[in-house]
Structure formats: structure tokens, C-alpha cells
Amino acid sequence: MIANAFEYTAPQSLDEALGLIAGGAKPLSGGMSLIPMMKLRLAAPEHLVDLARLKELNYIREENGELHIGAAVTHYEVESSPLLLGKCPLLAETAAHIGDIQVRNMGTLGGSVAHADPASDYPAALQALEAGIVLRSAGGARTVSAKDFFIDTFTTALEPGEIVSEIVVPVEPGLTGTSYQKCKHQASGFAVVGIAVRARRENGVVSLIRVGVTGLSGSSYRAENVEAALQGVEPTGEAIRAAAGLVAHSVDASADMQASSEYRKHLASVYTAKAIHAALSRSA
Amino acid sequence: MATTVTNIEKLVGKRIRRKEDPRLITGTATYVEDIKLPGMHHAVIVRSPHGAANIKGVDISKAAALPGVAAVFTGADITGVGSVVCGADLPGLRKPVHHILAQSRVYYVGHPVAVVVATDRYIAADGADLVEVDYEVTQAVTDPEKALAEGAPAVHPEWPDNKAFVFLQKGGDMEKAFADAEVVVKQRITSQRLVPNAMETRGVVADWLQAEHSLTLFTSTQIPHLARTILAGQLGIDENRVRVVAPEVGGGFGSKLNVYAEEALMGFISRKIGKPVKWIESRRENFLVTIHGRGHVDYFEIAAKRDGTILGLKLKLIQDLGAYHQLLTPAIPTLSVLMMPGLYNFRNIDAEVIGTFTNCVPTDAYRGAGRPEATHGIERMVDLLAAELNMDPAVIRFKNFVQPDQFPFPTATGLNYDSGDYGATLQKALDTIGYDDLRKQQAAARLEGRLMGIGISTYGELCAFGPSPATPAGGWESATVRVEPSGKVTIHTGTSPHGQGQETSFAQLAADELGVSMDDIVVLHGDTSVIPYGIGTFGSRNTAVGGPALFYALQDIKEKVKKFGKMLLKSENVVFENGKCTCQVSGKEVTFQTIAGAAYRAMQLPPDTDPGLVATKFWEPSNFAFPFGAHIIVSEVDRETGQIEIKRYVAVDDIGNQLNPLLVEGQVHGGAAQGLGQALWEHGIYDDNGQLMTGEFMDYAMPRASMMPWVECSHTTTPSPVNPLGVKGVGEAGTIGSTPAMVNSVMDALMPLGIRHLDMPLTPEKVWKAINGAA
Ligand SMILES: Cc1cc2nc3c(=O)[nH]c(=O)nc-3n(C[C@H](O)[C@H](O)[C@H](O)COP(=O)(O)OP(=O)(O)OC[C@H]3O[C@@H](n4cnc5c(N)ncnc54)[C@H](O)[C@@H]3O)c2cc1C
């Protein structure tokens, strides 16, 4: 439980940070994933650059019909932000499911997204929200959709020298309802499965539905087959159950001591149905 | 002329907040990790990554060359140090020699192989990474039933059958019981390996003074005096030149009722390098190398009449011992056997315990130590019998309880239950929870297809360890009361409380006896250079054995105070009450404080009386004490996911008289958390190669506050006749009572599906699979 020696820099500006990262230094945000790995000596970075203190990554603001959230915003800030609670409750609700209060006080949105733990919570919400993820390096910035960003276990679209600098979510009319439903791992508290749903009911039928899935397999994904089954359909209990049953279809489900792949798939359909019901009940 | 005396309010029996809490919650307590000595070095231990292997060679050259590394030791360097001590003995017990560093073989993952000592802990850890060990991996065996199978790998090559011992306990006439039986129910029941996980891991600071030829050892232990005797023996140092200090100890639960390899190892190192040395166990090490608890595979058979009368119980108990015996390893399953009869009035038992070596860390005492396993077994069997006979589980219990007029009750296992009214406790629990109404609600729920369960556990336990002949190292306890010249009182207890709260409850007791303020009393413990020899803290013994020692020491003080009172008041007609000696004739008074001053100033002494005001008492109990209780849990199982929700938890415990009900409830709550942990979440799982698969909190599901139900605590009070305080002991009751109540509740919920038994922990997937298998 003792890390190897490393160098630590608290940069004054984002530019300074990006310069150091371009030179091979590793970003440190809340340290809630990185430090435990270092203590177990599973990771031994030589140089850490602390992003958590940078003002340029610490903001939540609304601009041109979009919400912009800096990477260094903590889970607790996401969970309690009046702006997010009002305009993107799904993200706030999801953040509240992460770990415990100590972890939420330290851990950051950007760190969690960049880390891409397959059992982490945010990816489900970001998939359902069709969020944009802004990647920045010393050379400039680009925006990648959540769908393209999360590739596999701990694997993302980040290139060497890039950091996650911001998450962008479109602001939606109040008609949309959302919900995040999570089955917690009894030991770690991470998601055995976590399902985020964003849905709208108009004229008795489902006019919009997005389903984001985390925990089930190596990477988060959008369950487009579930979406397709409900799009334009009257959301009866039967229809929802049938659609939710597709969520794990042709997915290579993970297995661990807490849940076999068979059980995980089953849980995914149960929690998908729960999330769809909850989201629709919140749709105006 | 008698005077009117206003009685000072008594403190015993009051809910008084703990005196020890301010230092704990302000972070100013001193744990081993907080101790820093000049010139102190740090040790990090190189441990086996394999469950079983031969050591072909150890290359320390790179580690030794690292700047800051002071020394590296391997098994070959350890000379003149005795092996780790097992204090338990059984006929024919095989005791493997347990070297403090591995010699030519490793027996479990985590087995210490080498130790790197450096000027700081980081360098020591870097050095440990540089030690190269050449292992020849051999086959491991981690499942005790597989270890007993023909052709299994031998944990210790000298004993190919992997049997450390076979222990038999028979009472009554089993053949007749089974011949008379109208129904026999059989069930295999396991009690899985658990990782104790005290909040503070272990740690040692050793400080050898060459000029004095003395060793001071700070260690996170429950038994400082026993540790000193054992370590002095292992290290070949005179016992009076070894000082063991247990500073603040952040939980033990039995895992620190031990003397581990690291304690002697640090003593050895400090002596070798001539500097103090510190070792702090990492959480990962704590999982791997501090003892585990439980580890049973039990085959039960219960014989009964159709009317529910239990006739006898048979048990074949396979105990997973791990690779070695720690201090009490082989003794723990024998405690299970002693408690097999539970609270029931049957006289025929037949038990066979097979102590089995495996390539795992040793099992040993963990909160309840043998009794939770026994209680889970008998309470499950009684429920299975009730189900078989279509009887209500409460009714079958009432029918079989030992009755109040049967005490002292000699059991088929040779115990003598001290006192009890088991029916009253169960009745109170049933009334509190509204049992009859609950059964109606359950019937309605079942009609709706909902899986609601009501689980009863009526547990008994033996605690207050214990009469000396029944313990490996003496079962008495000591106390010293030192009244200072100012009348302030210092108490030394031979127990070593580390969360149990005796700094508070013993102060309450002394305050009442001496008529002084609780604030005038300090309770000291845990330092062998200050405290007279004592046995320590385990087996719910602090209050029930340490308490009487204190009580009698206080009586001696009171006697002497009275002598001084008579002298000072110049009267034979003197009483000592409420902190004053009062002459019953003149009404003149002299305070306890004045008397204390007079005893030390010694201007004048009563006849045949020495100066000073100090008393020490060593007290030997005549028997164990036997608390009991009834725990009832209402639960609901989600058919779709197998998830379990605890709806209500009622605990009625009878622990005899209570010194401080607030402390009692804390013990019940904590115990219930650990018992529910076993029932629902915790499991130390080894794979076939000897890797601990649940070796971190990421994988090992420790109960957390947010997972706990509200525990509705109440009590009945049947004083114990064994000691003058009438107390029994509550340290383990919650752990023992809760587990079967939880499992019985879930099994009751699943009853309509025809599911008879599931082993712990009742994980959602296990339950879900059972539901689907049954559907
Ligand atoms: C006890 C515990 C329980 C937890 N429970 C949950 C849970 O229930 N659900 C859940 O989702 N998570 C959980 N977590 C993880 C937690 O949410 C972490 O905070 C998160 O995964 C990582 O964020 P961080 O800011 O702490 O990143 P760090 O640990 O600092 O970094 C993680 C990784 O990302 C890299 N990195 C950090 N910031 C950036 C950036 N801006 N751009 C590019 N790379 C970056 C780092 O180099 C490192 O490789 C838990 C953690 C703990 C310790």
C-alpha cells in the first residue's frame, strides 16, 4: 500500500498542464482511481500533473442552449449543482450514485470519464444524453460523442497528450424525463449494471428514447435495439418489459464473483425496465 | 443518634457516554502508527505470492544495495528465535513448526519470506520489490473437503492426510435417541471464511535497549501480558525485561487475540540493528495474513419426535484450519461443539471434529469464536425440523427450551448453564415484533406472490472466559485500585479494552462503590510495565471477569477506608457511604479524600494497618457465564432479482445485569452488523491455487452503516450467579444471535418455493438461482 516515488506538479495554468502532459506527465484529478492503483503498485507514473486545482477546468455554465461542465468539477458538485438539477437532472442523479460522500468530494467528472472504468456510473448517463466530450491537448481541442469516446475497458478515444477538458450536454425542453437505475456491487459499490434512460411521451406514444448502459460489459453503450422497440410505441408494461429484455442482446456480458454473465444480463433487463418506467413517469 | 444521609445518584445501570470517545473522535488517540521513536527504522515484509511452493533461493543483493536499506533478513538469518506459539492442545494434535520467516517452503499466499529494513517505509517497500525469490510452485489445496480427499496435495508433506486432529465429543445415548426418533432431518451447513477487518490493521514498534538488555514492544493486541510472556520466550529475553504496550487499539474482534510472527520478528530486528523498528500492516496484508474466522463445513443430523421434542444431534464438523495453528486455532471448533445443544433440553450429542490443514491463512477466534457456527447450525436445524413437522418455529423452540427451574443446567457437552429464562426472552421478542400479526401479513403476502420471511434465532452463548482449568493460559483477571493521596482514583485492569468501554463502565462501578465522582477516576490498561499481570480482552470477559476483580479490590479499599475512618472519628460505630465515613453516634463525618490523605501522611495508623491505600485482586471465576437472547428478523426477497430487504430487526438479549446500557446497545449493534455481514455479504474466497479472491474491499463486502437496518434492542434480565455483579457478557451476543435470524428469515421467505437451505452468504445471485431452480 505504498506508492513508488513520483514527481508532482500543481500547474498554474491549463497551458502549463498540457505542456507537461505532452512531455509524458500523467494527469491527476481527484485521485480516487489513480492513487489506489499507485498504492498497490499497479501504476507507477513518474510525474503527476494536478488538474483538480485549475480554475480553467472548474465551472458549470449554460451557453447557447448547452451545458458546459469542466472536467475538474467533482461528483458532489455535479450532484448538487442547482443548474444541473434544474436542466440536466440525469447527470446529477447519476453522480449521487457514485461511491460514498468522501469519494464524491474528491473524484471528478473528467477523471471518471477519462478513466473509463467499465463499472463506472457516468458513461450510462453520457450515452443517454448524447453528450459531447471535449478533448484538449497542447495542439488544440476536438469534441467526440460519448458513443465514440468509450471504446473498451479503460480504453477511450483519448490520444497521448490529450485530456478530457469538458463535457457538453444539450439543454432540452421540460418534456423529457430521465432516470438512472443502478444495481450496486455489494463490496465496491460500483455498478453491477447501471441504466440511464432519457425519454419523452407525446400523444400516448414514446416520441424519444435513449438508453445508456454501464457495468454490463467491457464498455458502456447505447441500447439502440431497446430504443427502436419503443420508439413510436405506446409504453405499456408489456411493451417495456419486452423492449428491456433486448438490452443485453448479443452483448458479451462480464462476470465476477458478484454476478455471473447470465445474472448480469438478467439484471440489465430488470433495471432497464425500471429506468424506462421511471423516466416516462417524469416525462411531462 | 443516626444521621440522615442523602444518597448520591448511582451510576451503574445508567446510559453514560464513553470517557474514551473525546480522544477518539478528535483524532488525538495514539495508535501504534502514531508512535515515532528517535532513529526508528521501518520494515516491509516480502510475502509469498503462491499458495504452495518450494523456495529454491532468495537473492537479496539488489535490495541490500539500495541506499537507505539497513538490513535484509531471510529465513536463514533467523536464529535463536522460537516459532510462533499455539496455546491450544488436543489429544494427538499435530503442530507444524511455524517459523517467523519461511524456511524452505511457503504454505499460503502472504507467508513471510524476507524482511527489508530501511530508514523510511517507502525505501523499505522499494527494497522489498527488489528481493528476488525463486519459487518452485507446487499444488495447493484450499478447500477443506478436497484436502481430506484421497490423493489431495499435502499441505505439510509430513502429514499427507492433511488432518491436524480428530476430536470426538459424545454425551448421552445417541443410538437410543436415533432409535427412538420418529423423524430425522439432515443438512450440510457451511460457515464460510470471514476476514475480521478491524478498522486499525496490526502494527508493531520494537525498541531494543542493548545496555539494559530490554525490549519495549508497542503492538496492536488484545493480550499484552500473554504476548509478553510468549515473546520473551520466543526471543530468549527475561520476561521482566520485556515491556509490551497495547496503545489505542482500533478493533480486534479476536484477530488480535494472538501473537503473530511479525511481533517476534520486529523484536529480533531491533536487537540486530540496534535501532527501533516499526512495521505497519497494510490493508492488503491484513486480508492475507491476519487470521480469518469461521471456515466450517458441518454435517448435521437432528433426531426428534413427531411432537417436536428434540432427542439428539449429530455433527461431523470439518474445520478449515489453514496452514498453521495460530494461538488458538485448533481450539475454536471445540467451542462450537460445546455449544451445539443451544438452549434446548436434549441430552444426546455426538460430534466429530476433523481439523484440516489447507493452503490458506490460519483461522482462529473471530467475534463469537466457534459459538456463531454452533448457533447457526442448531438454529437452522431447529427451523428445518419445524418445517419438516409443519410446526411454527416459535412453538418448537418453546417446547424444547431448558426451563427456568432446571438451572444450573448440566448440558450433554459438560457445561453448566448458570441461569436463564429462555421462554421469557423469546416471548418478549415475539410480542415486540407482533408475531401473530406478522404471520397473518405473511400469509397475505404469499397469496400475492410476495416472498416475505420471519426468522427467529434463540441463541445461547458461553462467555466470560473463564475458569482457569478450562483455558489455555489462566482465566482469572486482575484489578488494582490505587487511591492517590488527593483521593483521586487510578484503576489498573488486567483486561485490555479496545472499544468495549471499560474506561467508562469500570469508572461507574468504582464511583458508586467509593462515592466519588466518575471524573475523579482514571482507568489504565494495556501496559505491562504499569499493570499487574492480566489475561486480556476476549470471550466477552472484561466486565464479567475483570469487573468482579475490580469489585473485590474496591471492597478491600472500603475496608481500609473504614479503619481509617474509625481512627479519625474515634468511634467503632462508623459507616462508609457516599464518599464519607460517618460516625453513627456523633454524626461527625470525614471524607474519602481526607482519609486518603491521612493514609499516605501516616501521622497515625489504625491497628494492624499499613500506610497507603492500594488494593489488588486476582479473581477466579467458578464457571463461564451464559447469556442468551432472541433475535427476530423480518425480510422480503425480491423474486425478480433475489435481492433481500430487511424490514425489521428485533433483538432481545439477556446478558444479566448491565453496567451501562448504552455500551450494551453499542455492542449489540456492532455484533449484529458483523453477523449480518456473514449472513448476507462477507466471504473469504480462495481459488484452487491459494489466491484470496476477495482480498480487498473492492471484492470483500464489508457491511457499511448504510447497509444496516435499525436494530430494535431490548432486554430481559436474569442475573448470573457466577459473579457478584450478576453480569454475563455482551461482546459477542449480537454476532451470534443475528446470523441465524437473518438466514432463517430468508429461508422462511423462500419456503413456499420448496427451497430448504442455502449457505451463507445469501448473495442475490445465489437466491435468484435458487428461485429459478425452484420455479
Ligand atoms: C471507494 C470508491 C468507490 C467508488 N465508487 C464508484 C462508483 O460507485 N461509481 C463510479 O463511477 N466510480 C466510483 N469510484 C471511482 C471514482 O468515481 C473516481 O473518482 C473516478 O473514477 C476517477 O476520477 P478522479 O477524478 O478521481 O480521477 P483520478 O483518479 O485522478 O484519475 C483517474 C485516471 O484518469 C486520468 N485522468 C484524470 N483526469 C483526467 C482528465 N481530465 N483527462 C484525461 N485523463 C485524466 C488519470 O491519469 C488516471 O489515469 C469509486 C472510487 C473509490 C475510491
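Not measured: the values here are computed from a predicted model.

1. Some details on the layout of surface pockets
In this model, the second largest pocket occupies a volume close to 480 Å³. For the lining of the second largest pocket, the secondary-structure elements that each account for two or more residues are helix 4 (144-148), strand 8 (183-191) and strand 13 (296-304) of chain B.

2. So, the packing of helix 10 (residues 371-389) of chain B against helix 11 (residues 393-400) of chain B
Residue and element names in this part refer to chain B. Interhelical geometry of helix 10 versus helix 11 gives an angle of 115 degrees and a closest axis separation of 9 Å. When the axes of helix 10 and helix 11 are compared, the pair comes out roughly perpendicular. Note on packing geometry: the crossing formed by helix 10 with helix 11 is right-handed. Between helix 10 and helix 11, the residues in contact are Glu 379, Val 382, Asp 383, Leu 385, Ala 386 and Leu 389 and Pro 393, Ile 396 and Arg 397, respectively. Residues of the contact of helix 10 with helix 11, tallied by class, amount to six nonpolar, no polar and three charged.

3. What to know about the confidence of the model for chain B
Residues and elements named next belong to chain B. Overall, the prediction assigns chain B a mean pLDDT of 97, with 99% of residues at 70 or greater. Confidence drops under pLDDT 50 across residues 1-5; counting only partners more than four residues distant or on other chains, this segment forms eight contacts. If you check the scores for this complex, the pTM reads 0.96 and the ipTM reads 0.95.

4. Description of unusual backbone geometry
Residues Phe 407 of chain B and Pro 408 of chain B are joined by a peptide bond in cis, for which omega reads -5 degrees. Even without glycine at this site, Arg 41 of chain A takes up a positive phi of about 60 degrees. Secondary-structure assignment places Arg 41 of chain A in the loop between helix 2 (34-39) and strand 3 (47-50). Unusually for a residue other than glycine, Ser 250 of chain A sits at a positive phi of about 55 degrees. Structurally, Ser 250 of chain A can be placed in the loop between helix 11 (237-244) and helix 12 (261-282). Judged by its relative accessible area of 69%, Ser 250 of chain A is exposed.

5. Observations concerning the pattern of salt bridges
All names here are of chain B. In total, this model carries 58 salt bridges over all chains according to the counting rule given. Arg 188 is paired through a salt bridge with Asp 759; the nearest N and O atoms lie 4.0 Å apart. With a gap of 571 residues between them, Arg 188 in strand 8 and Asp 759 in the loop between helix 18 (733-750) and helix 19 (764-774) connect regions that are remote in the sequence. Accessibility expressed as a relative area gives 32% for Arg 188, which makes it partly exposed. Its salt-bridge partner being Asp 307, residue Lys 399 comes within 3.8 Å of it at the nearest N-O pair. A residue pair is termed long-range when its members are at least 10 positions apart, and Lys 399 in helix 11 and Asp 307 in the loop between strand 13 and strand 14 (310-322) qualify at 92 residues.

What counts and how
Starting afresh in each chain, residues are numbered from 1 along the sequence in its written order. By the order in which they are written, chains take letters starting at A while ligands take numbers starting at 1. In keeping with the predicted nature of the model, local features appear solely for residues at pLDDT of at least 70, side-chain atom pairs appear and are counted solely at 80 or more, and the whole-chain, interface and lining totals rest on all residues. Side-chain figures throughout are based on the complete set of non-hydrogen atoms in the structure, without hydrogens or water. Of the grid points, spaced at 1 Å and generated over the protein atoms alone, those admitting a 1.4 Å probe that cannot get out make up cavities, while open sets with protein on both sides within 12 Å along at least five of seven lines make up pockets; any residue with an atom within 4 Å of a point is treated as lining. Grid points are joined across faces, edges and corners, and a volume is the space filled by probe spheres set on the points. Secondary structure elements follow DSSP: runs of H or I no shorter than four residues count as helices, runs of E no shorter than two count as strands, and numbering proceeds from the N terminus. Note on definitions: angles span 0 to 180 degrees between N-to-C directions of axes, and those axes are lines fitted to C-alpha atoms, for helices only across the stretch in contact. Roughly parallel here means an angle under 35 degrees, roughly antiparallel means over 145, roughly perpendicular means 65 to 115, and every remaining angle is called oblique. For any helix crossing, the convention is left-handed if the near helix is rotated counterclockwise from the far helix by under a right angle, and right-handed if that rotation is clockwise. Residues are treated as being in contact if the distance between any of their heavy atoms lies within 4.5 Å. Residues are grouped as follows: Ala, Val, Leu, Ile, Met, Phe, Trp, Tyr, Cys and Pro are nonpolar; Asp, Glu, Lys and Arg are charged; all remaining types, including Gly, are polar. Confidence scores here are pLDDT values: one per residue, from the predictor, ranging 0 to 100. Only protein chains enter the accessibility calculation, which uses a 1.4 Å probe; a residue is then buried when its area is under 20% of its type maximum, exposed when over 50%, and partly exposed in between. Salt bridge, as applied in this entry: a Lys or Arg side-chain nitrogen positioned within 4 Å of an Asp or Glu carboxyl oxygen.

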